[in-house]
Amino acid sequence: HIQLAQLPQALENIKKCLEIHPSFDKGWLFYASLHEKEGKLQEAINGYTTFLELTGKNTEIEKHLYALTLRRKQIE
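Summary of the structure given here. Remember, it's a predicted structure, so these values are computed and weren't measured experimentally. For every chain, the first residue of its written sequence is number 1, and the numbers climb from 1 along that sequence. Totals for whole chains, interfaces and linings use every residue, but because this is a predicted model, local features are given only for residues with pLDDT of at least 70 and side-chain atom pairs only at 80 or more, for both listing and counting. Processing note: side-chain calculations cover all non-hydrogen atoms of the structure and skip hydrogens and water entirely.

## Considering the nonpolar core
Then, number 1: Take the buried residues of types Ala, Val, Leu, Ile, Met, Phe, Trp, Tyr and Cys, join any two whose side-chain atoms come within 4.5 Å, and each joined set is a nonpolar core. Whether a residue is buried, partly exposed or exposed follows from its accessible area with a 1.4 Å probe, protein chains only, as a fraction of its type maximum: under 20%, in between, or over 50%, in that order. In this structure, Ile14, Tyr31, Tyr48 and Leu68 are the most contacted members of the largest nonpolar core, which totals 17 residues.
Then, number 2: In this description a helix means any DSSP run of H or I spanning at least four residues, a strand means any run of E spanning at least two, and both kinds are numbered starting from the N terminus. The set of elements that each furnish at least two residues to this core consists of helix 1 (7–20), helix 2 (25–37), helix 3 (41–55) and helix 4 (59–75).
Then, number 3: Per-element accounting of this core gives the leading share, six residues, to helix 3.
Then, number 4: Whether two residues touch is decided by their heavy atoms; if any such pair falls within 4.5 Å, the residues are in contact. Other than its neighbours up to four places away in sequence, Ile14 contacts Phe24, Gly27, Phe30, Tyr31 and Leu34.

In structure tokens, the structure reads:
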């Protein structure tokens, strides 16, 4: 769906995957990325946070999460 630029369908599919397997860490990363592309920053933040909770320390994702949080606060 991503290659076909069908973000809503891709998001629907990843949500189903996460319902079935909530500890699918890469799924949470994909979920967060899709929400970020749609401009849904809080959902993206939640997804990245869950990814970090499942995988532990990841400096690159932590920096991205921090920048995303700042961006959301600027918008508010």
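## A few points about the packing of helix 1 against helix 2
Pairs of packed helices are described in terms of their axes, by the angle between the two and the distance that separates them.
Then, number 1: All axes here are fitted lines through C-alpha atoms, helices being fitted over the stretch that makes contact, and every angle between N-to-C directions spans 0 to 180 degrees. Taken N-terminus to C-terminus, the directions of helix 1 and helix 2 make an angle of 150°; their axes are 10 Å apart at the nearest point. What the angle tells us is that helix 1 and helix 2 run roughly antiparallel. Handedness of the helix 1/helix 2 crossing: left-handed. Within the contact between the two elements, helix 1 uses Leu7, Ala10, Leu11, Ile14, Lys15 and Leu18 and helix 2 uses Gly27, Trp28, Phe30, Tyr31, Leu34, His35 and Lys37.
Then, number 2: In the scheme used here, Gly and all other residues not listed as nonpolar or charged are polar, with Ala, Val, Leu, Ile, Met, Phe, Trp, Tyr, Cys and Pro taken as nonpolar and Asp, Glu, Lys and Arg as charged. Taken together, the residues of the contact of helix 1 with helix 2 break down into nine nonpolar, two polar and two charged. Reported orientations rely on four angle classes, namely roughly parallel under 35 degrees, roughly antiparallel over 145, roughly perpendicular from 65 to 115, and oblique for the rest. By convention the crossing between two helices is left-handed if the near helix lies anticlockwise of the far one by an angle smaller than a right angle, and right-handed if it lies clockwise.

## Comments concerning helix 2
Side chains three or four residues apart in an α-helix point the same way, a direct result of the helix having 3.6 residues per turn.
Then, number 1: Each residue after the first adds 1.5 Å to the expected span of a helix. Along its 13 residues, helix 2 runs 19 Å from first to last C-alpha, staying within 8% of the 18 Å computed at 1.5 Å per residue.
Then, number 2: Residues of helix 2 that are buried: Gly27, Trp28, Tyr31, Ala32, Leu34, His35 and Glu36.
Then, number 3: Buried residues belonging to helix 2 abut helix 1, helix 3 and helix 4.
Then, number 4: Just downstream of helix 2, Gly39 is the residue with a positive phi angle, here 85°.

## Details of the side chain of Glu36
Then, number 1: For Glu36, the position within the fold is in helix 2.
Then, number 2: This count recognises Lys and Arg as positive and Asp and Glu as negative, with His and chain-terminal groups excluded. Just to be clear on terms, a salt bridge is a Lys or Arg side-chain nitrogen sitting within 4 Å of an Asp or Glu carboxyl oxygen. For the buried Glu36, no salt bridge exists, and the shortest N-O distance to an oppositely charged side chain is 4.1 Å, to Arg71.
Then, number 3: Looking at Glu36, its side chain comes within polar contact range of the side chain of His64, at 2.8 Å.
Then, number 4: The residues contacting Glu36, other than those within four sequence positions of it, are Ala44, Tyr48, His64, Leu68 and Arg71. Polar contact is defined as a pair of N or O atoms within 3.5 Å, subject to the rule that within protein one atom must be able to donate a hydrogen and the other to accept it, and that residues adjacent in sequence are counted only when both atoms are side-chain atoms.

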